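# Secondary and tertiary structure notes
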Amino acid sequence: MWIDACFARPPRMPGSTGTGVENILDDTVSSKRFQETRRADVHNAARPRNARFVALGNIMFPRLCALLLSLAAISAPAYSALDVDISVAAKTAMQMGSGHECCLFNEGAVASDGKVVMAPFMGGEIGVFDPSDDTLTYFSAGDAGSGYPHNPGCTLAFTIPNDGRVIIGPCVKGVGVWDPSDSTFTFTTPTNWPYIYGQVNHDFGGLAVMDDGRALLVPDNRHAMLGIFDPSANPADSLTLIDISGPDGVDHHLGGFRKAVRAANGKMVMCPVHWRDPTKVCIFDPSDDTYSCIANPDGIRYASTVAMPDGRVLCLPASDPMRAAVVDVETNTVSAVFLPSTLTCTGTGGMCYNDDAMTSPMAPFIEGISTPDGRIFLQPFAANQLALFDPETDTFTLIDHQLTFPSSMDPHLGKYFNHKPPALMANRTIVMIPNQVGVIGVFDLATDTLDTLLPGSMAQGEYLHGGAFSKAVTLNDGRVFLVPYGPYDTDPSTAAVEAGYFAGIVYRASCDLAPPENGNLGSCSTTLPVGSTCSFACDDGYEVTADIECGQGGFVAATCLKPLVPLTCCERNMMLYGFEIGRDNYPSDL
């Protein structure tokens, strides 16, 4: 189709370096990014960078492309604000020793039946949230909580690919599997599980499910070994340990990865986060169970690891706040990429360090997530800006935010949002759970803007407790579920705790509509509830393009256009030579 040519990336303009913010945000929009955004039914075609792209997008047929794009355009109507519901009570207040009220669930993942399965941390129970009726049910964690009172210590939950079960772990004493087919939790302590009674397990700091359904247990900071857990094997023999210590047999060689993510060909990449020896980025290949490492430039430590759509991996900066890295498992390379010099953090004078001597660095970004348009959204930790990484150019774009700390908080600690990954809501909005700043963050991918949410029941000046939630999980219906962790606290200036723990649900209640050009609201009203449909009415000589249906991501756009009339041979030739034909109601598939 001719219209495809209009979406091609235009040539770089003379004098453009291709590295500035203006190139990433304004000059161009890649074919993949523009088309994927359209298919997601997100209304962002009226963004300034798209409008500028129409002007630059095609050198040979500028008028033709402008007309074709106008016919295919997606309108950008106003939306009603998101809201958050905390009426789902998780538990009444409970004591966990030494007078501390903590901590319920540490993670959550969606099983094949659409329910969220939550990993027990100190409560000794599995939590299961059913989005069909917004209810929360509890199941015994069994042996996961025995032997170490009130502390199964389970840290993560992942759905097994093409299976639907949920792996929970690593826990203090092993790994568990939730089966949604019969609502059962099977906990396994392999005979070779590296467990010291009465201590939280530091041998494994993370878990990641691989394409073949096995789980990779990632070393933390005590021992240099990987674990491979097979949920289909005999429980006693379900764990395989792989020694990754150095040639001298001393475990100071490695350790301290804490996280692994999937790269190209299913390989699992681990970027070093611990101080012991961050000289290597390491890779596990599940196709042959081999382990290898790549030299890490200058021994930089990283805050976290994010998988990118092109099969590479982005390591977020930590020990050098301005320096990240891109890992390519196809070429076995680790390449440094640098943040713009305009990055500032919450340290004194905007420094990304806790001290004036610059010996105690802050991590500017703590987690990231791949977006539908191919970029990587970076969640701010100490940074005073949001960031977007473009894998096509390997460059960062910083976006200022206006978040401020409650007066009782210490901004020097620089903890805007929790260290868990954010969630993507209905292909449009990034949802981040609070840390010190005490609010839920929502980043709109259609406008690249940050907003904040608080429950409508909260009074002015109240904030959420920084540890109220442990994870944001995208539900199949488009909403985002917030896993309950710590007790709900509305006043950060005091230690007062409300009556218990609460889950959260981020949702959209309605869509705001405006009359279309060349028509009126018809059967619609200015506010359309989620799940409802309506139709615009058009003026004489115009036809409506589609019905309106409001969903969690907004609504599929509709407008009033003149009926399409095929081009005559004469009109086609005139357009090819750049002449006006006096109308724009012709088919786009020339």
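Per chain, the residues get numbers from 1 upward, laid out in the order the sequence is written. Local features in this predicted model are restricted to residues of pLDDT 70 or higher, and side-chain atom pairs are both shown and tallied only at a pLDDT of 80 or more, whereas totals for entire chains, interfaces and linings draw on every residue. Processing note: side-chain calculations cover all non-hydrogen atoms of the structure and skip hydrogens and water entirely.

## Thoughts on the overall build of the protein
The cut-off we apply is this: A run of H or I in DSSP counts as a helix once it spans at least four residues, and a run of E counts as a strand once it spans at least two, with each numbered from the N terminus. The buried label applies to any residue whose accessible area, calculated with a 1.4 Å probe on protein chains only, is under 20% of its type's maximum; exposed applies above 50%, and partly exposed to all values in between. Pairs of residues are marked as contacts when any of their non-hydrogen atoms sit within 4.5 Å. In this description, accessible areas are obtained by the Shrake-Rupley approach with a 1.4 Å probe, and a residue is regarded as covered only by the protein chains that are shown.
When helices and strands are tallied, the protein shows 6 helices and 43 strands. For the protein, the residues scored as buried account for 53% of the 590 residues in total. Look at the contacts in the protein between residues 6 or more apart in sequence, and 49% of them connect residues 24 or more apart. Counting every atom, the protein has about 24,200 Å² of accessible surface; 52% of that belongs to carbon and sulfur.

## Quick notes on the state of the cysteines
Which entries qualify depends on this criterion: Note on disulfides: each one is a pair of cysteine sulfur atoms within 2.5 Å.
Under the definition given, this model contains 7 disulfides. A sulfur-sulfur separation of 2.1 Å characterises the disulfide bridge that pairs C282 with C293. Classification of the bridge connecting C282 and C293 rests on its S-S torsion, roughly 95 degrees, and on that basis the disulfide is right-handed. Linking C282 in strand β17 (residues 280-285) with C293 in strand β18 (residues 290-295), this pair joins segments that are 11 residues apart in sequence. For the unlinked cysteine C569, the closest cysteine sulfur is that of C570, found at 7.4 Å.

## Details of the sheet that holds strand β31 (residues 469-474)
We count it as follows: Note on pairing: DSSP must find at least two bridges between two strands before they are called paired. Working convention: axes come from line fits to C-alpha atoms, limited for helices to the stretch in contact. Angles between N-to-C directions cover 0 to 180 degrees.
In space, the 4 strands of this open sheet follow the order β1-β34-β32-β31, with antiparallel pairing throughout. Among the strands making up the open sheet, the edge pair consists of β1 (83-85) and β31. Across the sheet, the mean angle from the axis of one strand to that of its neighbour is 20 degrees, orientation sign disregarded. By the bridge criterion, 5 bridges tie β31 to strand β32 (residues 480-484) in an arrangement that is antiparallel. Within the sheet, the bridge partner assigned to T474 lies in β32 and is V480.

## Some words on the packing of aromatic side chains
Selection criterion: The pairing test for Phe, Tyr and Trp rings, Trp by its six-membered ring, is centres within 6.5 Å, and the orientation test on the planes gives stacked under 30 degrees, edge-to-face over 60, and tilted for anything in between.
With the rule as written, the count across this model stands at 8 aromatic pairs. Both rings, one in W193 and one in F204, keep their centres 5.4 Å apart while their planes meet at 55 degrees; by these two values the pair is tilted. Of the two residues, W193 is situated in the loop between β10 (184-188) and β11 (204-209) and F204 in strand β11; the sequence distance between them amounts to 11 residues. Between F389 and F396, the ring centres sit 4.8 Å apart and the planes meet at 55 degrees, which makes this aromatic pair tilted. Just as F389 is buried, F396 falls in that class too.

## Things to note about the environment of V337
Inspection of the secondary structure assignment puts V337 in strand β22 (residues 333-338). Through-space distance from the C-alpha of V337 to that of R323 is 6.0 Å; in sequence the pair is 14 residues apart. Those residues within four positions of V337 in sequence are excluded, and the remaining contacts are L314, M322, R323, A324, A325, V326, F389, D394 and F396.

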